[in-house]
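So you can see what is in the structure, the chains are spelled out below.
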Amino acid sequence: MKDPDLAVGGVTVHRVIDIDPQAFACEALLPGCDAAAIAELAAVLGPGHGDAERGELHLAMQSHLLRVAGRTILVDTCVGEHKPRPRRPDWNERDGTAYLANLAAAGCRPEDIDLVLCTHLHVDHVGWNTRREDGRWMPTFPRARYVVAQAELDFAAREAAADPQFSHGSFRDSVLPIVEAGLCDPRQLGEAIADGATLVPLPGHTPGQTGLEVTTGAGPSLLFCGDAIHSPVQVLRPKWSSAFCCDAGEAVRTRTGLLERAAAEDVVLVPAHLRGAGMRIRRRGGGFVPVLCGCDGAALA
């Protein structure tokens, strides 16, 4: 089994990669983002998070495999395979990916997962919830309870009923089969899903987006924050919300609150798409700067 990407106070976290890197034109992902901001980010973190010359931001499509208090939790399930996504040719009917092999390299089989947390129900966070077997969409993690905020499930169900192509049709093939199998576990925000692991509200990107805060006991807390932060460039420019946010203003308020708290309390943030294990936040002038963390939660820069 490979070493964890983060290990703090008895809690271990492995990144399970589906696609890395995933390039987005900066303006398509973050309206207002430009080459100068990407260059500034590269000066802080290095070149792996964007390409100023090409005007691209680089993300990872990944899950976070978390072991805490005897529970094995998978946070978000990426893009998946064999899913019809004609509006995204690079995601359409994918096959032969290394995702399950990457999960195995982290020492985990699908049946070992106790809980799957979907921070929100967008297409790139639910894809591996199911896989196609004999022409049917079956749960990939058959023993797991799939945790989602009740508010998020209600929102996505309404949107999918109004538009079957909501979020590329992923509700139909990656969420509804879990509900029908009786494995969906809607929760209220503020609930604990394991000892020391609590659901926290992160609205704005979607109405019910949910983070997971993990108290490690002997080190900084970890906060898996979904798409409240897509790219670390948003640490430098917190007022930039993604083109996919339901409420850009609320997303700014949520992100700013996260950054302020992380800087004040030394919380390690783990955004869903960060090309790295996690990041600490430091104040710089009137703003913030991201600092990537290593296995023990220590800053590498």
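Now for a look at the structure at hand.

Scoring rules and cut-offs
Residues numbered from 1 in each chain as written. Predicted model: local features only at pLDDT ≥ 70, side-chain atom pairs only at ≥ 80, totals over all residues. Heavy atoms only, no water. Helix = DSSP H or I, 4+ residues; strand = E, 2+ residues; numbered from the N terminus. Buried < 20%, exposed > 50% of the residue type's maximum accessible area, 1.4 Å probe, protein only. Areas by Shrake-Rupley, 256 points an atom, 1.4 Å probe, with all protein chains shown as cover. Lys, Arg positive; Asp, Glu negative; His and termini not counted. Charge placed at Lys NZ, Arg CZ, Asp CG, Glu CD. Polar contact = N/O pair within 3.5 Å; in protein donor to acceptor, adjacent residues only side chain to side chain. Phe/Tyr/Trp six-rings, centres within 6.5 Å; stacked < 30°, edge-to-face > 60°. Lys NZ or Arg CZ within 6 Å of the ring centre and 35° of its normal. Salt bridge = Lys/Arg side-chain N within 4 Å of Asp/Glu carboxyl O. Contact = heavy atoms within 4.5 Å. Core = buried A, V, L, I, M, F, W, Y, C linked by side-chain atoms within 4.5 Å. Arc of directions from axis to C-beta.

**Brief notes about the overall build of the protein**
- In terms of regular secondary structure, the protein is built from seven helices and 17 strands.
- Seen through its C-alpha atoms, the protein measures out along the principal axes to roughly 55 × 40 × 35 Å.
- Counting across all 301 residues of the protein, residues that qualify as buried make up 56%.
- When the accessible surface of the protein is summed, it comes to about 11600 Å², and 51% of that surface belongs to carbon and sulfur atoms.
- The averaged location of the 38 negative side-chain charges in the protein is 1 Å from the averaged location of its 29 positive side-chain charges.

**Comments concerning the environment of tyrosine 99**
- With respect to the helices and strands, the residue tyrosine 99 is situated in helix α3 (residues 99-105).
- Given the relative accessible area of 0%, tyrosine 99 is considered buried.
- Distance in space between the C-alpha atoms of tyrosine 99 and aspartate 18 is 5.1 Å, their sequence separation being 81 residues.
- Here the side chain of tyrosine 99 touches serine 63 through a polar contact of 2.6 Å, side chain to side chain.

**Structural notes on the packing of aromatic side chains**
- Scanning all chains against the criterion turns up two aromatic pairs.
- Between tyrosine 99 and tryptophan 128, the aromatic rings sit 4.9 Å apart at their centres with planes inclined by 10°, giving stacked as the arrangement. In this pair, tyrosine 99 is assigned in helix α3 and tryptophan 128 in the loop between β6 (115-117) and β7 (130-133), connecting sequence segments 29 residues apart. Assigned by exposure class, tyrosine 99 and tryptophan 128 land together as buried.
- In this arrangement the basic side chain of lysine 83 is found over the ring face of tryptophan 137, its NZ or CZ atom lying 4.9 Å from the centre.
- Its end group placed over the ring of tryptophan 91, arginine 88 keeps NZ or CZ at 4.2 Å from the ring centre.

**Digging into the pattern of salt bridges**
- Using the criterion set out here, one finds 19 salt bridges in the structure.
- As a salt-bridge pair, arginine 94 and aspartate 18 come within 3.1 Å of each other at their nearest N and O atoms. Here aspartate 18 lies in strand β2 (residues 11-25) and arginine 94 lies in the loop between β5 (71-75) and α3, a separation of 76 residues in the sequence.
- You can call aspartate 18 buried: its relative accessible area is 9%.

**Quick notes on the side chain of threonine 140**
- In this structure, threonine 140 sits in the loop between β8 (136-139) and β9 (145-149).
- At 3.3 Å, the side chain of threonine 140 forms a polar contact with the backbone nitrogen of arginine 131.
- With near-sequence residues (within four places) excluded, threonine 140 lies in contact with Leu100, Pro110, Trp128, Asn129, Thr130, Arg131 and Tyr146.

**Some thoughts on the nonpolar core**
- Counting 37 residues, the largest nonpolar core has Cys33, Leu57, Leu223, Leu269, Met279 and Ile281 as the members making the most contacts within it.
- The set of elements that each furnish at least two residues to this core consists of β2, α1 (26-29), α2 (35-45), β4 (56-68), α6 (233-236), α7 (248-265), β16 (279-284) and β17 (287-292).
- Counting residues per element, this core draws most heavily on α2, which supplies four residues.
- Ignoring sequence-local partners within four residues, the contact set of leucine 57 consists of Gln22, Ala23, Phe24, Cys26, Leu29, Leu30, Cys33, Ile38, His49, Gly50, Ser231 and Val233.
- Formed by 28 residues, the second largest nonpolar core is a distinct cluster that contains Val16, Ile113, Trp128 and Phe141.

**Examining α2**
- Within α2, burial applies to Ala37, Ile38, Leu41 and Leu45. The buried residues of α2 occupy an angular sector of 100° when the element is viewed end-on, so they sit on one face. In α2, the exposed positions that point more than 90 degrees away from the buried face belong to Ala36 and Ala43.
- In this fold, the buried residues of α2 make contact with α1, β3 (50-51), β4, α6 and β17.
- With its phi angle positive at about 100°, glycine 46 sits one or two positions after the end of α2.

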